[in-house]
Amino acid sequence: SAVISQKPSRDICQRGTSLTIQCQVDSQVTMMFWYRQQPGQSLTLIATANQGSEATYESGFVIDKFPISRPNLTFSTLTVSNMSPEDSSIYLCSVPQGDTGELFFGEGSRLTVL
Amino acid sequence: AQSVAQPEDQVNVAEGNPLTVKCTYSVSGNPYLFWYVQYPNRGLQFLLKYITGDNLVKGSYGFEAEFNKSQTSFHLKKPSALVSDSALYFCAVIRGGDMRFGAGTRLTVKP
């Protein structure tokens, strides 16, 4: 299985600021997924990041709020822009493995916005 | 539209007893179904999957799940629960090429 590293693991941020989360994978992958897990909630897909093209966002998520970069096949970043307390969540990077689409996840980045 | 449902927010069992965490799905065709576990302050860990073949699939940590097409269910089971099994469990399905998760069930195993 892939080894996925996320930075930062946690952070406390001020309202109105932006934070960039990094995701590094130890193997080349075509697709990377960014999920959000709000406190006490399930995972919600934010976007799919493909190398060499614009990220594909799910309903309710927009590029201005969650810009994503995918400069190569092993790395991606998610920025949470102009943060508010409602953005306090765990943000998880994941990659598919094998031909059945199962996902492997990073440890997540826990953001608290004050 | 919801693709997987976990009808129980919370499941409590005594250590040594069998446990079941329920999941039903609502995608058409032949679903790809998964179970994940999330321990406190950790990411999700893959437990097992059903793609095709034998309806009973075995996974990590002694867990297994039974695919039941007539009942559109994929319940997670373990014959003898451990205190260390206490965690948040998510059922998931591949829909439209993306993985969709249930709401999660918090399992508490008491000594």
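Please read these numbers as outputs of a predicted model, since none were measured by experiment.

## Regarding the interface of chain A and chain B
Opposite the 20 residues of chain A that make contact, chain B presents 20 residues. Both sides together, the interface formed by chain A and chain B hides about 1,500 Å², and carbon and sulfur atoms give 49% of it. When residues of chain A are sorted by the area they lose upon contact with chain B, Thr100(A), Glu102(A) and Glu107(A) head the list and together hold 30% of the total. Put simply, chain A and chain B have 3 salt bridges between them. For Glu102(A), the salt bridge goes to Lys49(B), with nearest N and O atoms at 2.4 Å. Joining chain A to chain B, the criterion identifies 8 residue pairs in polar contact (both at pLDDT 80 or more). Of all the elements, strand 10 (residues 102-105) of chain A adds the most residues to the side of chain A that touches chain B, at 4 residues. Its residues assigned to classes, the side of chain A that touches chain B comprises 8 nonpolar, 7 polar and 5 charged.

## Digging into the state of the cysteines
Per the stated rule, a full pass over the model turns up 2 disulfides over all chains. The residue that forms a disulfide with Cys23(B) is Cys91(B), at a sulfur-sulfur distance of 1.9 Å. Residues Cys23(B) and Cys91(B) share a disulfide whose torsion about the S-S bond is about -60°; that sign makes it left-handed. Taken together, the positions of Cys23(B) in the loop between strand 3 (19-21) and strand 4 (24-25) and Cys91(B) in strand 10 (residues 87-95) put the pair 68 residues apart, joining distant regions of the chain. Here Cys23(B) and Cys91(B) have matching classes, each one buried. In this model Cys13(A) remains outside any disulfide bridge; the closest cysteine sulfur is found in Cys23(A), 18 Å from its own.

## Observations concerning the environment of His75(B)
All names here are of chain B. With respect to the helices and strands, the residue His 75 is situated in strand 9 (residues 73-78). The spacing of His 75 and Leu 47 is 28 residues in sequence and 13 Å in space, taken between C-alpha atoms. Contact partners of His 75, with chain neighbours within four places excluded, come to Thr 20, Val 21, Lys 22, Cys 23, Thr 24, Trp 35, Glu 64, Ala 65 and Glu 66. A distance of 3.0 Å separates a polar side-chain atom of His 75 from the backbone nitrogen of Cys 23.

## Remarks on the sheet that holds strand 7 (residues 68-72) of chain A
Residue and element names in this part refer to chain A. Spatial strand order, 1-3-8-7: 4 strands in an open sheet with antiparallel pairing. Of all strands in the sheet, those with a lone pairing partner are strand 1 (4-7) and strand 7, marking the two edges. Averaged over all pairs of adjacent strands, the angle between strand axes in this sheet comes to 15°, irrespective of strand direction. By the bridge criterion, 3 bridges tie strand 7 to strand 8 (residues 75-80) in an arrangement that is antiparallel. Across the sheet, the residue bridging to Ser 69 is Thr 77, located in strand 8.

What counts, and at which threshold
Residues numbered from 1 in each chain as written. Chains lettered and ligands numbered in written order. Predicted model: local features only at pLDDT ≥ 70, side-chain atom pairs only at ≥ 80, totals over all residues. Heavy atoms only, no water. Contact = heavy atoms within 4.5 Å. Buried area = accessible area lost by both parts, 1.4 Å probe. Salt bridge = Lys/Arg side-chain N within 4 Å of Asp/Glu carboxyl O. Polar contact = N/O pair within 3.5 Å; in protein donor to acceptor, adjacent residues only side chain to side chain. Helix = DSSP H or I, 4+ residues; strand = E, 2+ residues; numbered from the N terminus. Nonpolar A, V, L, I, M, F, W, Y, C, P; charged D, E, K, R; others polar. Disulfide = S-S within 2.5 Å. Buried < 20%, exposed > 50% of the residue type's maximum accessible area, 1.4 Å probe, protein only. Pairing = 2+ DSSP bridges. Axes fitted to C-alpha atoms, helices over the stretch in contact; angles between N-to-C directions.

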